[in-house]
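# Observations on the three-dimensional arrangement
Take a look at the letters that make up each chain.
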Amino acid sequence: MRALKKILPKKLPEWATFLLFVACYVLLDYGYFKIPVELFINVIYYHGVVAICADLVNWLAPLEQVLAKQNHLLSAKADLEIVRGCDGAGVLFLVVSAVLVFPSGLKRKLVGLLLGIGLIYSINLLRIFALYFVIAYQPGWFQLIHTYVAPTLMVVLGCFYFAWWAFGSTNQSHEPA
């Protein structure tokens, strides 16, 4: 490990950091698309998203009587299907890549990853929860909210999280300009 520290500079040039960020994102995205669709539908989406959102909807609005079936939230009013690309993975990959390439210690990176993954996962669950009600009660708004508002909000929140985490990661104090 010491030999590696001697070889690598303490801080990489910005272009190298950017290339590492892009490479990290591309690798995460590549691996994501290698996961079989059946695994997503029957395991990841069902247990990790759909069942949780169905329970949340039924807890807060018991008259909805939402069922979780594979990658669908189903009720008499709506059928919301969770598919690859609409699961918050892109924002998650942005946050994970940014934390990994940021010049910080391993312990701080692990905390950043755990908090960031938890935050993006939670925001995505809230997004899907809200999208259920949009499609059930205001279907004309669905395309706007699903395509533009919710993804933009997730990216902005992911960026705010990273900025908050990164600001707390440095030991440097900055002089006012």
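First things first, this report covers the structure right here in the doc. Worth saying up front: this structure is predicted, and the values here are computed from it rather than measured.

Conventions adopted
- Residues numbered from 1 in each chain as written.
- Predicted model: local features only at pLDDT ≥ 70, side-chain atom pairs only at ≥ 80, totals over all residues.
- Heavy atoms only, no water.
- Phe/Tyr/Trp six-rings, centres within 6.5 Å; stacked < 30°, edge-to-face > 60°.
- Helix = DSSP H or I, 4+ residues; strand = E, 2+ residues; numbered from the N terminus.
- Buried < 20%, exposed > 50% of the residue type's maximum accessible area, 1.4 Å probe, protein only.
- Lys NZ or Arg CZ within 6 Å of the ring centre and 35° of its normal.
- Salt bridge = Lys/Arg side-chain N within 4 Å of Asp/Glu carboxyl O.
- Contact = heavy atoms within 4.5 Å.

## A short note on the packing of aromatic side chains
We describe a pair of aromatic rings using the distance from one ring centre to the other and the angle between the two ring planes. Applying the stated criterion across every chain, the model contains twelve aromatic pairs. Consider the rings of Phe102 and Trp165, whose centres lie 5.4 Å apart with planes at 65°: the pair is edge-to-face. Taken as a pair, Phe102 in the loop between helix H4 (89-101) and helix H5 (106-137) and Trp165 in helix H6 (residues 139-169) lie far apart in primary sequence, 63 residues in all. On the accessibility criterion, Phe102 (17% relative accessible area) is buried. Both rings, one in Phe162 and one in Trp165, keep their centres 5.9 Å apart while their planes meet at 35°; by these two values the pair is tilted. Of this pair, Phe162 and Trp165 both sit in helix H6, three residues apart, which is roughly one turn of the helix. Here the aromatic cluster, defined as three or more aromatic residues joined through ring pairs, consists of Tyr25, Tyr32, Phe33, Phe40, Tyr45 and Phe93. A cation over an aromatic ring shows up here: Arg84 above the ring of Tyr32, its NZ or CZ 5.5 Å from the ring centre.

## Quick notes on the pattern of salt bridges
Tallying each qualifying case throughout the model produces one salt bridge. The closest approach of N and O atoms between Lys77 and Glu64, which form a salt bridge, is 3.6 Å. Linking Lys77 in the loop between strand E2 (72-74) and strand E3 (79-81) with Glu64 in the loop between helix H3 (37-60) and strand E1 (67-69), this pair joins segments that are 13 residues apart in sequence. By relative accessible area, which is 8% here, Glu64 ends up buried.

## Brief notes about the environment of Ala68
In this fold, Ala68 is placed in strand E1. Through-space distance from the C-alpha of Ala68 to that of Ile52 is 8.6 Å; in sequence the pair is 16 residues apart. Residue contacts for Ala68: discarding those within four places in its chain leaves Tyr46, Val50, Ala51 and Ala54.

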